[in-house]
Amino acid sequence: MTPLETLRFSWGALRGHRLRSGLTLLGVAIGVAAVVLLTALGEGARLYVTGEFTSLGSNLVIVLPGRTETSGNAPIMGGTQRDLTLQDAEAIERRCRRVRRLAPLTLGSAQVGFGDRRREVTVLGSTPELLEVRHLTLGVGRFLPAIDPDRAAPVAVIGRTVQSELFGAENPLGRPIRIGDRRFRVVGVLAAKGHSLGLNMDDVVIVPVASCMQLFNQRSLFRILIEVGAHDEIAPAREEILKILTLRHDNVEDVTVLTQDSVLSAFDRILGALTLALGGIAAISLSVAGIGIMNVMLVAVSERTSEIGLLKALGAAPGAILRVFLVEAVILSASGGLLGLLVGYAGAGTLAHLYPDLPAAPPGWAVGAALAVSLGAGILFGVLPARRAARLEPVAALAGR
Amino acid sequence: MIELRDLSREYQVGDQTVRALQHVTLTIPKGDYLAIMGPSGSGKSTLLHLLGCLDHPTSGSYLLDGEDVGSLPEGDLAEVRSRKIGFVFQFFHLVPRLTAAANVELPLTLAGMRPSERRRRVAAALQAVGLSDRADHRPDQLSGGQRQRVAIARATVTGPSILLADEPTGNLDRASGREIIELIETMNRGGLTLVVVTHDPEIGGRARRIVRLVDGRVVSDGPPDRVPAAEAPRGSGAPALSGTPAGHPNTRTGSQGAE
């Protein structure tokens, strides 16, 4: 039998048992699709979080008051904790040469109003450097003026949502708004950015840091955001910053310096576990599919023992019979695998389309493993019983024993 | 030419050894027409399967056209079956999803014949059994008699020297059975060695020679007119004296068919 004739015979046999072939195909397809879809979800979640952090800025160092660990342990060495002040920020900027840009950040929530419209909005206080450090883009107008950080100024930059809610179609530039009990003048509108690290940047108002501190009667900073020159300067910069602040805080290390890497690696551990868990679920569904293939192929072979016997009586060598079943198993598991891939990718694509924030895409290793397992199980469990049948004495095979 | 010498076949069923055939010695000259008869479990089918190289003897030798096929490995036996032997079964054993023509073509495909030659032979074989107009029908669209004709076409399409038929009429009505027997007898007259296993004394009586088996032994071997045609299949009584247990081709007509 030539390969083409073997293929035609196997194809005929598959078509002759449509239901059984269809069910096997479906089993393989579901297993593969499950693996593709689940790992795509896990990978999407990982990419989402990673993307969130990279959008912070590539070489970002964040200083926050109090000693906390990224591992989440509560600070044991409580005691007196000093605030993070504007002077601290200035000291870092002056003494640490690795700092490229630095933006102090304060935060509060206030009612913002224009005319008779009001809105509860997060108010950020910072310096012009914030624009670069947080990778913000200005829609229209200007950003905060370059004034001494100690000086207040009644100017505000508003987010897109704030603009549309308060001003509608009106041009907000130069118009006065009320923030809390103070009046500010709108100088600029941010371009749409959406959520970034838990904050909807479209629904904020940004004012000079001193104004914000007055507004909320604060003397301390919420964060200091620092961008260093290059990625490999992050670690030394972190050491220097810690040293400077410890010195300023009476030799007590009472601040936490987060680097993007430390945050990311913490999240990476969590998300790695998540992907692994999803992969585990997928592996189970794949092995269930494998057992399904095994079952169906076993039934297929025993059901066709008499056909195998007949082929032998007609002069088929054992090798020819084995090839017929091998080709059948390969056709079934390969097309099932491809169908599963198709469904899996379609599902992942639909998810990514519905939730653009979640870039659901199956990782290559998962796709490879799914295809390999389905093909492997199909061939193994197709050939093993066929080999047994091919070795049967033709008489026994004919009798269907 | 088939020569069986002291052939035995035993099966192991659990702890028990079933002696299906015991010390059978038999010579079947080319072109002979032989019926194998005997009660159920007497070893008829075992003998037929051994003759067809579907089974290995436990002991003894089997010479087919001078070649010792009793000890050949399975791969070589498949080759022998492909070239020299055609099978017809009681239950036809057609592949249900294939058309009549495709069923007939199957042994040629397995033998690796060229497609053009295959088509020519399939057409000829179907014509020989009178089913040229049913070539594209699947088995479930054919009557029992027609199915058996397809099976005969399939058994003879490779041009074998021996046709082995296991109860070929056992699953057919009387009229169809008669047609089938007449068809294979026509082929026998063309030189094909014909071995038929049957319960039916009427079918057996048409053969040139009847070999009777009881409990795996040959109890008689001779032309049918020495045996009353109406005799019951149980058949272990009077005719036993007409042949020695070992059996030998002491026939009038058999010598004419011998080479």
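Residues numbered from 1 in each chain as written. Chains lettered and ligands numbered in written order. Predicted model: local features only at pLDDT ≥ 70, side-chain atom pairs only at ≥ 80, totals over all residues.

Peer 1: Looking at this structure, I do not really get the sheet that holds strand E4 (residues 59-64) of chain B. What am I missing?
Peer 2: In a beta sheet, neighbouring strands are held together by backbone hydrogen bonds and run either parallel or antiparallel to one another. Taken in spatial order, the 4 strands of this open sheet run E2-E1-E4-E5 (chain B), and their pairing is antiparallel. Only two strands of the sheet have a single partner each, and these edge strands are strand E2 (16-28) and strand E5 (67-68) of chain B. (Pairing = 2+ DSSP bridges. Helix = DSSP H or I, 4+ residues; strand = E, 2+ residues; numbered from the N terminus.)

Peer 1: I keep staring at the environment of A:Gly272 and nothing clicks. Help me out?
Peer 2: Relative to the helices and strands, A:Gly272 resides in helix H8 (residues 260-303). Residues A:Gly272 and A:Arg46, spaced 226 residues apart in sequence, show a C-alpha to C-alpha distance of 7.8 Å.

Peer 1: Help me understand unusual backbone geometry in this model?
Peer 2: Among all residues save glycine, negative phi is the norm, and among peptide bonds the norm is trans. All names here are of chain A. Positive phi is not limited to glycine here, since Asn-217 has a value of about 55°. With respect to the helices and strands, Asn-217 occurs in the loop between helix H6 (209-215) and strand E11 (223-228). One non-glycine residue, Asn-251, adopts positive backbone phi at about 60°. Its location among the elements puts Asn-251 in the loop between helix H7 (234-248) and strand E12 (255-259). Owing to 7 C-beta atoms within 10 Å, Asn-251 belongs among the exposed residues under this scheme. (Buried ≥ 20, exposed ≤ 12 C-beta atoms within 10 Å, placed from the backbone.)

Peer 1: Help me understand the nonpolar core in this model?
Peer 2: Nonpolar side chains tend to gather and get buried jointly when the protein is soluble and globular. A:Val36, B:Ile36 and B:Val195 are the most contacted members of the largest nonpolar core, which totals 125 residues. Top element by residues in this core is helix H2 (residues 18-54) of chain A. It accounts for 13 residues. If we skip the residues at most four places from it in the chain, B:Val195 touches B:Ile28, B:Leu34, B:Ile36, B:Leu48, B:Leu51, B:Ile162 and B:Leu164. Of all hydrophobic cores here, the second largest spans 54 residues; its members include A:Ala156, A:Ile179, A:Leu190 and A:Ala237. (Core = buried A, V, L, I, M, F, W, Y, C linked by C-beta atoms within 7 Å. Contact = placed C-beta atoms within 7 Å.)

Peer 1: So what exactly am I meant to see when it comes to the interface of chain B and chain A here?
Peer 2: For an interface, size is often stated in terms of accessible area lost upon the parts coming together. On the chain A side, the residues contacting the 19 residues of chain B number 19 residues. Where the side of chain B that touches chain A is concerned, the elements lending two or more residues are helix H2 (74-84) and helix H3 (100-110) of chain B.

Peer 1: I keep staring at the sheet that holds strand E3 (residues 33-37) of chain B and nothing clicks. Help me out?
Peer 2: All names here are of chain B. Judged by pairing direction, the sheet is mixed, and its 6 strands sit side by side in the order E6-E7-E8-E3-E9-E10 without closing on themselves. A strand with exactly one partner marks an edge of an open sheet, and here the two such strands are strand E6 (85-88) and strand E10 (217-222). Geometrically, the sheet is characterised by an average inter-axis angle of 20° between neighbouring strands, direction not taken into account. Alignment of strand E7 (residues 162-166) against strand E8 (residues 193-197), held across 5 bridges, turns out to be parallel. By the bridge assignment for E8, Asp-166 is matched with Val-197. (Axes fitted to C-alpha atoms, helices over the stretch in contact; angles between N-to-C directions.)

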